[in-house]
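Examination of the molecular architecture
Below are the chains, spelled out letter by letter.
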Amino acid sequence: MKIRTRVVLINIVFLFLLIIMLPGIIMSPMMFDAPGSENSIPTNLMFYSLILYIPVFLTGSIGSLILYMLKKHRASVIWSLLPLVNILCFIAGLAILMVFCNGNFTCHEALVLR
């Protein structure tokens with residue numbers, strides 16, 4: 001598979017994920033409805049990974065296409081995978097929330113911002 005095809009396919013996959021994630025992005029402020037959830041580290045991690053997905057996706061897509069035009073093919077593939085960081089941060093926040101906080105957005109003292 002050619003490098004250009006890889007870059008375009010990766011960008012299309014992340015674009016479809018953006019379309020799927022839009023309702024979650026719109027509803028993400030609702031994570032802070034529970035009292036004390038604004039201080040919870042996993043809740044903040046999940047919130048910011050959702051909110052920052054759009055700028056990171058745009059940066060990764062545009063940056064990968066620019067790097068491809070500059071003949072830096074390997075860098076363009078790596079740059080196009082940038083939104084994967086947001087997805088992994090959201091999954092990590094969700095896992096921490098489920099394991100340490102029993103699925104509650106308000107967490108005990110160990111995982112609270114001061």
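As shown above, the structure is provided for reference.
Residues numbered from 1 in each chain as written. Predicted model: local features only at pLDDT ≥ 70, side-chain atom pairs only at ≥ 80, totals over all residues. Heavy atoms only, no water.

Moving on to the overall build of the protein chain. From N to C terminus, the protein chain includes 5 helices and 0 strands. Ordering the α and β elements of the protein chain from the N terminus gives α-α-α-α-α. Once the C-alpha set of the protein chain is aligned to its principal axes, its extents read approximately 50 × 25 × 20 Å. Going through the 114 residues of the protein chain one by one, you find that 33% of them count as buried. (Helix = DSSP H or I, 4+ residues; strand = E, 2+ residues; numbered from the N terminus. Buried < 20%, exposed > 50% of the residue type's maximum accessible area, 1.4 Å probe, protein only.)

Grouped together as the largest cluster of nonpolar side chains are 17 residues, with contacts concentrated most on Phe14 and Tyr53. For this core, the secondary structure elements donating two or more residues are helix H1 (3–27), helix H2 (41–51), helix H3 (53–69) and helix H5 (83–100). (Core = buried A, V, L, I, M, F, W, Y, C linked by side-chain atoms within 4.5 Å.)

Within H2, the full set of buried residues consists of Pro42, Thr43, Asn44, Met46, Phe47, Ser49 and Leu50. Where H2 is buried, its residues contact H1, H3 and H5. (Contact = heavy atoms within 4.5 Å.)

A few words now on a nonpolar patch on the surface. Residues Leu22, Ile26, Met27, Met30, Ile54, Leu58, Ile62, Ile66 and Leu70 make up a contiguous nonpolar surface patch of roughly 850 Å² in combined accessible area. Mapped by element, the contributors of at least two residues to the nonpolar patch are H1 and H3. Here the nonpolar patch gets 4 residues from one element, more than from any other, and that element is H3. Position of Met30 among the secondary structure elements: in the loop between H1 and H2. When its relative accessible area of 46% is taken as the criterion, Met30 is described as partly exposed. (Patch = residues over 30% accessible without salt bridge, like charges linked within 9 Å, V, L, I, M, F, W, Y side chains within 5 Å. Areas by Shrake-Rupley, 256 points an atom, 1.4 Å probe, with all protein chains shown as cover. Salt bridge = Lys/Arg side-chain N within 4 Å of Asp/Glu carboxyl O.)

As enumerated under the stated definition, the model contains 3 aromatic pairs in all. Relative to Phe47, the ring of Phe32 lies with its centre 5.0 Å away and its plane at 75 degrees, an arrangement referred to as edge-to-face. Placement of the pair is Phe32 in the loop between H1 and H2 and Phe47 in helix H2, with a sequence separation of 15 residues. Its relative accessible area of 23% is what places Phe32 among the partly exposed residues. Ring pairs connect the aromatic residues Phe32, Phe47 and Tyr48, which therefore count as one cluster. (Phe/Tyr/Trp six-rings, centres within 6.5 Å; stacked < 30°, edge-to-face > 60°.)

To continue, consider unusual backbone geometry. As a rule of thumb, non-glycine residues mostly have phi less than zero, and peptide bonds are mostly trans rather than cis. You will see that Lys71, though not glycine, has its phi angle at about 65 degrees, which is positive. By the secondary structure assignment, Lys71 is in the loop between H3 and helix H4 (73–80). Judged by its relative accessible area of 65%, Lys71 falls in the exposed class.

This paragraph deals with H4. Of the positions making up H4, those classed as buried are Ser76, Val77 and Ser80. What you see down the axis of H4 is that its buried residues fit within an arc of 100 degrees, all on one side. H4 presents Arg74 and Ile78 as exposed residues on the side facing more than 90 degrees away from its buried surface. Residues of H4 that are buried in the fold lie against H1, H3 and H5. (Arc of directions from axis to C-beta.)

Among the secondary structure elements, Val7 is positioned in helix H1. Between the alpha carbons of Val7 and Ile20 there is a distance of 20 Å; along the sequence they are 13 residues apart.

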